[in-house]
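A structural walkthrough
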Amino acid sequence: MSGPMALEPDGTGQETLVLRLAGTPARAHDAHPPAPQAVSRLAAGLADRIGPAVHPYEVAALLEAEGLTADRIREQYGHPDLFSLAAALYDQVPRTFPEPARPADPWRPDHLRCLLRGVLFALPGLAYLLTAPLWHPGRHAAALVVAGLVSWAWGQALGHRAYVRMTSGRREAARTLLTGAPLGAALATAAAVPFAGGAPPVLAAAAQSLYLAAAGVLLVLARERLLFAALTPLIAGAAVLPWREPGNVLRTGLPLLALLATLAVTAHTLRGTLAAPAAADGARPRLSASLPYGLFGLAAGLLVLLEGRREPYAVMLLTVSMGPAEWLLYRYRGLVVAALRATATPAGFRLRSAGVLGLCLLGYLLPLLPAARFTGAAPAGLLLLAATLWTALLLQAFGAAWPPAAVCLAAAAGAGTVTVLRLPPGPAALPLCCGAAALCLVAYALRLLGRPARHA
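**Description of the environment of Leu 384**
Within the fold, Leu 384 resides in helix H20 (residues 379–397). Judged by its relative accessible area of 29%, Leu 384 is partly exposed. Spatially, the C-alpha atom of Leu 384 lies 8.7 Å from that of Ala 437, the residues being 53 residues apart in sequence. Non-local contacts of Leu 384, meaning those with residues more than four positions away in its chain, are made with Pro 431, Cys 434, Gly 435 and Ala 438.

Here it is as structure tokens:
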């Protein structure tokens, strides 16, 4: 040994340092005792952002984003570093996991547009009201009906093809309409010739076919306001009828003016749309894909025609209701997407989707009941026909085209055969056929649309 060890304190104070170092080491932040009140105030101020954190490191990132410096953390909050303060705040604030903000409804309908479309579906009827004294119903009606059925079927198929082409670009959809609309008008006019018996019915059928073709173009391209403006001569002429006789010149001239205006705005719209740049992907869909939509249009036209033979005012109500029907199609899709987010099991979603379907169908049919009674139309046939058409349109909106086309064709064929051959049950055939069709379509919709994959 180099020398004796001192056994007594020498008064220098070094023995205290030796004993402290030999014991449990002191924590580094003992020199800066915590400030509980300051930490609590900070926790209260940041509670809404600290609560959702799942690890103290998230709180540390938050504090760093708030601009807390190391000196301030030591001096104001009594913690040695950022992570120590973050851990204290994480322990002090209870965990909260709020629901995420509800996303915007991707299927929110345009209320004004749907209302306007319903009005536009009914406004062409004013042309028949104005020109009624100028044509003989027995000789001319058959030609107009045949031309209308062909135009309706062609328009449904062309509209589907144009909407499919719209996924590539508006220019591609406009090219499809530019080719298909005149062809459809020509076919409808040609179909009316054997039933015309003279030049005036052929001209009337041609005018009707041209209007339906042009109006279809404007509706597909979402130019409802332009179409409404083009039809203002019809509105003006019909407004005069209760007060005075407009004369043959105005009865002929106002519908002709409305037709020319419709053709003019259609040409202007197509020209502007065709000026858009071409899409890179110009693949054309198969023509057969639009066939079921055309067949459904034919079947729907026949069903409406059979209903109109007995209840003409019911057809007017049904035509106007197509605007609310379109609105409810959008609402169904929005509500069922919300139901998909709110359920955790397939069975729960099936139950909710069935409720949404029932709610939308009742929302469409219930207003038609008092309207039918007000006009004196039999409500049963109208409601069953409306249910058939709306459910078919709903299935078409989800890409199921052949089942509604087949069901509606079967209903139209059955009711038409009974009506033409005057077989039993007579007038009850149409409500019975529409009721059976509606049940089949609703059952298929519940099965098909009750699958979450259809709405994902």
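Having seen it, we continue.
**Regarding the packing of aromatic side chains**
Scanning the model with the defined rule gives two aromatic pairs in all. Between Tyr 57 and Phe 83, the ring centres sit 5.6 Å apart and the planes meet at 70 degrees, which makes this aromatic pair edge-to-face. You can see Tyr 57 sitting in helix H4 (residues 56–65) and its partner Phe 83 sitting in helix H6 (residues 82–92), a full 26 residues away along the chain. When the centroid spacing of 6.0 Å and the interplanar angle of 85 degrees are considered together, the rings of Tyr 332 and Phe 398 count as edge-to-face. Here Tyr 332, found in helix H17 (residues 322–342), pairs with Phe 398, found in the loop between H20 and helix H21 (402–421); they are 66 residues apart in sequence, far enough to count as distant. Both residues of the pair, Tyr 332 and Phe 398, belong to the buried class. Sitting over the face of the ring of Tyr 90, Arg 95 holds its NZ or CZ atom 4.0 Å from the ring centroid.

**Describing the packing of helix H16 (residues 312–320) against H20**
Put simply, H16 and H20 touch, their axes get as near as 11 Å, and they point 35 degrees apart. The crossing of H16 and H20 is right-handed. Along its contact with H16, which presents Ala 314, Leu 317 and Leu 318, the element H20 presents Leu 382, Leu 385, Ala 386 and Leu 389.

**A short note on the pattern of salt bridges**
Enumeration over the complete set of coordinates arrives at seven salt bridges. Among the salt bridges present, the one from Glu 224 reaches Arg 117, with a minimum N-O distance of 2.8 Å. A residue pair is termed long-range when its members are at least 10 positions apart, and Glu 224 in helix H12 (residues 224–230) and Arg 117 in helix H7 (residues 111–122) qualify at 107 residues. In this structure, Glu 307 and Arg 310 form a salt bridge, with 3.5 Å as the shortest nitrogen-oxygen distance. Here Glu 307 pairs with Arg 310, and both are found in helix H15 (residues 291–310), just three residues apart, close to one helical turn. According to the relative accessible area criterion, Glu 307 is buried, its value standing at 2%. Overlapping salt bridges bring together Arg 113, Arg 117, Glu 224 and Glu 326 as one network.

Conventions we followed
- Residues numbered from 1 in each chain as written.
- Predicted model: local features only at pLDDT ≥ 70, side-chain atom pairs only at ≥ 80, totals over all residues.
- Heavy atoms only, no water.
- Helix = DSSP H or I, 4+ residues; strand = E, 2+ residues; numbered from the N terminus.
- Buried < 20%, exposed > 50% of the residue type's maximum accessible area, 1.4 Å probe, protein only.
- Contact = heavy atoms within 4.5 Å.
- Phe/Tyr/Trp six-rings, centres within 6.5 Å; stacked < 30°, edge-to-face > 60°.
- Lys NZ or Arg CZ within 6 Å of the ring centre and 35° of its normal.
- Axes fitted to C-alpha atoms, helices over the stretch in contact; angles between N-to-C directions.
- Left-handed = near helix turned anticlockwise from the far one by under 90°.
- Salt bridge = Lys/Arg side-chain N within 4 Å of Asp/Glu carboxyl O.

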